[in-house]
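Spelled out, the chains give:
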Amino acid sequence: MTYTVHGSWPQGFTTQVTLKNTGRKAIDGWSLKWSFLGGQKVVHDWNASLTQQGATVTAANAHHNKKIKPGHSVTFGFNGVSAPGANPTPDLFLLNGAACA
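Keep in mind that this is a model prediction, so the values were computed, not measured. (Residues numbered from 1 in each chain as written. Predicted model: local features only at pLDDT ≥ 70, side-chain atom pairs only at ≥ 80, totals over all residues. Heavy atoms only, no water.)

S.K.: For the environment of His63, give the residues involved together with the corresponding values.
M.R.: Considering the arrangement of structural elements, one finds His63 in the loop between β7 (56–61) and β8 (67–68). On the accessibility criterion, His63 (81% relative accessible area) is exposed. C-alpha separation for the pair His63 and Ser49, spaced 14 residues apart in sequence, amounts to 10.0 Å. (Helix = DSSP H or I, 4+ residues; strand = E, 2+ residues; numbered from the N terminus. Buried < 20%, exposed > 50% of the residue type's maximum accessible area, 1.4 Å probe, protein only.)

S.K.: Go over the sheet that holds strand β9 (residues 73–81) with me, naming the residues and quoting the values.
M.R.: Spatial strand order, β1-β2-β9-β5: four strands in an open sheet with antiparallel pairing. Sheet topology places β1 (2–9) and β5 (41–46) at the edges, where each strand pairs with a single neighbour. Ignoring which end each strand starts from, the neighbouring axes of this sheet average 25° apart. Looking at chain direction, β5 and β9 are connected through five bridges and run antiparallel. Each bridged residue has a counterpart across the sheet, and for Trp46 the counterpart in β9 is Gly77. (Pairing = 2+ DSSP bridges. Axes fitted to C-alpha atoms, helices over the stretch in contact; angles between N-to-C directions.)

S.K.: Tell me about the pairing of strand β2 (residues 12–20), and name the residues and values.
M.R.: Both faces of the sheet carry side chains from a regular strand, because those side chains alternate between them. Taking burial as the measure, the nine residues of β2 include seven buried ones, the bulk of the element. Examined bridge by bridge, β1 and β2 share seven bridges and lie antiparallel to one another. Bridged to Gly7 within β2 is Thr14. Between β1 and β2, which pair antiparallel in sequence order, lie two residues. Taken together, the nine bridges between β2 and β9 define a ladder with antiparallel strand orientation. Following the sheet pairing, Lys20 is matched in β9 by Ser73.

S.K.: Could you give an account of the packing of aromatic side chains, naming the residues involved and the relevant values?
M.R.: Summed over all chains, the structure comprises ten aromatic pairs. Summarising the aromatic geometry, the rings of Tyr3 and Phe93 are spaced 5.6 Å apart at their centres and angled 45° between planes, so their arrangement reads as tilted. A residue pair is termed long-range when its members are at least 10 positions apart, and Tyr3 in strand β1 and Phe93 in strand β10 (residues 93–95) qualify at 90 residues. Residue class for Tyr3 comes out buried when judged on its relative accessible area of 14%. Three or more aromatic residues joined by ring pairs make a cluster, and in this case those are Tyr3, Phe13, Trp34, Phe36, Phe78 and Phe93. (Phe/Tyr/Trp six-rings, centres within 6.5 Å; stacked < 30°, edge-to-face > 60°.)

S.K.: Describe the nonpolar core, listing the residues and the values that go with them.
M.R.: Ranked by internal contacts, the top residues of the largest apolar core, which has 20 residues, are Leu19, Trp30, Leu32, Trp34, Leu50, Phe76 and Phe78. For this core, the secondary-structure elements that each account for two or more residues are β2, β4 (31–35), β6 (48–53), β7, β9 and β10. (Core = buried A, V, L, I, M, F, W, Y, C linked by side-chain atoms within 4.5 Å.)

S.K.: So what about the pattern of salt bridges? Which residues, and what values?
M.R.: Enumeration over the complete set of coordinates arrives at one salt bridge. Asp28 is the salt-bridge partner of Lys66, the closest N and O atoms lying 4.0 Å from each other. Taken together, the positions of Lys66 in the loop between β7 and β8 and Asp28 in strand β3 (residues 27–28) put the pair 38 residues apart, joining distant regions of the chain. Owing to a relative accessible area of 37%, Lys66 belongs among the partly exposed residues under this scheme. (Salt bridge = Lys/Arg side-chain N within 4 Å of Asp/Glu carboxyl O.)

This is how it looks when you write it as structure tokens:
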């Protein structure tokens, strides 16, 4: 899994997330959860449905990228609003409930 900030400005940022299936079986439906560390808020998403409660964000697959075959990946992104100060990258991601890197 990669979390890449592609652009930032004083009030916001754009991020791309790529999930790669490194296992032997297809992932049929996925949900990625993380918590922002600096008060950030998601304001627009694409290729996934993102919800946020407090600092915790959950990204759920779209219909067209529900299945990830072994060795394949899916990408989604979002725009966010930054809190004053730093925009730290989340340090723990849970894919379908299991920690991923």
